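# Structural overview
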Amino acid sequence: MGYRIQVDFDLCESNAICMQIAPEVFEVRDDDFLYILNEEPGDEIKAQVEEAAQRCPKQAIAIAEG
Amino acid sequence: MRAAETLRSEGFDGTIHLIGDEPHLPYDRPPLSKQVLAGDWQPDRVALTTPEKNEDLSFEWHLSSKATQLNIAEKKIALDSGQTIAYDGAIIATGARCISLRMAENLQGVYTLRGLDDAIAIRSEFDNSPQNVVVVGAGFIGAEVAATARQRGLNVTMIEAAEIPFERVLGAEMGTVTADVHRDNGVNVITGTPVESFKGQTRVEKVVLGDGTELDADVVIVGIGVRPNTEWLKDSGLVIDNGVICDEKCQAGPGIVAAGDVARWPNKLFNEQMRVEHWDNAVEQGVYAARRLLHGGQSMDPYAPTPWFWTDQFDRKIQLAGRTRPTDEIKVITGSVEERRFATAYGRDGKLVGILGFNRPRHVMQYKQMISEGTSWDDALNYAKEQS
């Protein structure tokens, strides 16, 4: 069972908390925008992705199962 | 709420009682001083849960209910309704409340901002286009209210008793930079004088300063700090000292953990007893404390996070990570202070202890990670030099 990361970029404010928790997946670059490096990362990193979603101050990260 | 969700996600299937003195289901506080006050969001958008989700997690809600007593020997919590709830484990997350000014107690038009109802009341005052808004106390919440009011086109004065706003947290130089953002955006910033009194019959009309200055005021927002809600615990036997005192793993007593604004615990990373009033800590510590309660603490590392918060002031996103003091050494490690897009590192006792960013989220997170790893001040400065 894979999963897909969805970011609501209207909500995202580039606080970069997600980048600290899961740098393999989330990167805020010098232009202050968030880039998703891998929209379907493996299960081995799912716990970090879930923590990033939970701790996003804007609650802009969603995880779609399937 | 975060703690309760964690109990469920970690497999606890017993009864979870959630007790709160507000009539609302849990909601997100940061937008209150920003989008809600600005009028951009309808207040219901801050809800953290829905009745449906609520049903899934099968919590027992006790809203508009205030916990009045904790009896550790009998494992019971008394509510103001007269009801008593028995528990096997308890998570204390009663938060903090705003300090109010007694001299303004009976005057209409004077507010503090903590909860949803406060935000709705202040917003409706702003909707009536008041002539003069006065913010008492240039803390980060007060400053956000000032910025939001100013962006709504209102006339705003911010009063700070200290000579330099934000100095206690950011130091003199960076405190001045932050205050200048407000000055340049048209906020009248008055420093170095306390509020002496208020004038008005039923409603506030003037704010009188220590030097005798009288300011016209239609709406006043007081933001002079918060106090942890611990009064209900005073006979419990728990140690209370500017918060509920916990061990390094957030345990306050037998079968009792604490989290969020109310908890004070020794953070090993900074060798300091701390109580943190930030959103991010409420989430992280809530999760930690729930796990601690459910699984016991033997296999857990002590709770030793690098505190972090953000604040939006006009078009600047200001973030601060770590534990800074006004006496710390500071160094701008990237960007330009003049352009207000920069990051400043804070060092103390040979260690990197803080990072402040103005529209520099990427750098703040990099250095936050370095703080968590115990990076020395020299290594941090060398790293900054290599990167530039």
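Residues numbered from 1 in each chain as written. Chains lettered and ligands numbered in written order. Predicted model: local features only at pLDDT ≥ 70, side-chain atom pairs only at ≥ 80, totals over all residues.

### Concerning the interface of chain A and chain B
Convention followed: By the convention adopted here, residues make contact when the C-beta atoms placed from their backbones lie within 7 Å. The helix and strand labels rest on DSSP assignments: H or I over at least four residues marks a helix, E over at least two residues marks a strand, and numbering proceeds from the N terminus. Amino acids outside the nonpolar list (Ala, Val, Leu, Ile, Met, Phe, Trp, Tyr, Cys, Pro) and the charged list (Asp, Glu, Lys, Arg) are all regarded as polar, and Gly is one of them.
With 13 residues of chain A at the interface, the matching set in chain B holds 14 residues. Looking at the side of chain A that touches chain B, the elements that each hand over two or more residues are α1 (17-21) and α2 (46-55) of chain A. Split by residue class, the side of chain A that touches chain B holds 4 nonpolar, 4 polar and 5 charged.

### A word on the packing of helix α1 (residues 2-9) of chain B against helix α8 (residues 279-295) of chain B
Residue and element names in this part refer to chain B. What counts is decided by this rule: Orientation is described by axes fitted as lines to C-alpha atoms, over the contacting stretch for helices, and by angles from 0 to 180 degrees between their N-to-C directions. Working definition: roughly parallel below 35 degrees, roughly antiparallel above 145 degrees, roughly perpendicular at 65 to 115 degrees, and oblique for all remaining angles. Note on convention: the crossing is left-handed when the near helix lies turned anticlockwise from the far helix by less than a right angle, right-handed when the turn is clockwise.
Taken N-terminus to C-terminus, the directions of α1 and α8 make an angle of 45 degrees; their axes are 8 Å apart at the nearest point. Accordingly, the angle class assigned to the pair α1 and α8 is oblique. Helix-helix and strand crossings are classified by hand; for α1 and α8 the assignment is right-handed. Note on element contacts: α8 touches α1 through A282, V283, G286, V287, A289, A290, R291 and L294, opposite R2, A3, T6 and L7. Per-class residue counts for the contact of α1 with α8 are 8 nonpolar, 2 polar and 2 charged.

### Topic: unusual backbone geometry
The test is simple: Neighbour density around each residue's C-beta defines its exposure: 20 or more other C-beta atoms within 10 Å make it buried, 12 or fewer make it exposed, and counts between make it partly exposed, where C-beta atoms are placed from the backbone.
Positioned with a positive phi, Q59(A) is a non-glycine residue whose angle comes to about 50 degrees. Relative to the helices and strands, Q59(A) resides in the loop between α2 and β4 (61-65). For Q59(A), a count of 13 C-beta atoms within 10 Å corresponds to the partly exposed category. Even without glycine at this site, N242(B) takes up a positive phi of about 50 degrees.

### Structural notes on the domain arrangement of chain B
Where interface size is quoted, it is often the accessible area lost as the parts come together. Formally: Start and end positions for the domains come from either an automated domain assignment or a database one.
The domain boundaries assigned to chain B delineate domain 1 (2-23 + 63-97 + 227-295), domain 2 (100-224) and domain 3 (315-387). Taking only C-alpha atoms into account, the centre of domain 1 of chain B sits 32 Å from that of domain 3 of chain B.

### Here's the deal with the environment of A119(B)
All names here are of chain B. With respect to the element layout, A119 can be found in helix α4 (residues 116-127). Here A119 falls in the buried class, since 25 other C-beta atoms lie within 10 Å of it. In this structure the C-alpha to C-alpha distance between A119 and P43, which are 76 residues apart in sequence, comes to 8.5 Å. For A119, the contacting residues outside a window of four places in its chain are L32, V36, L37, P43 and L113.

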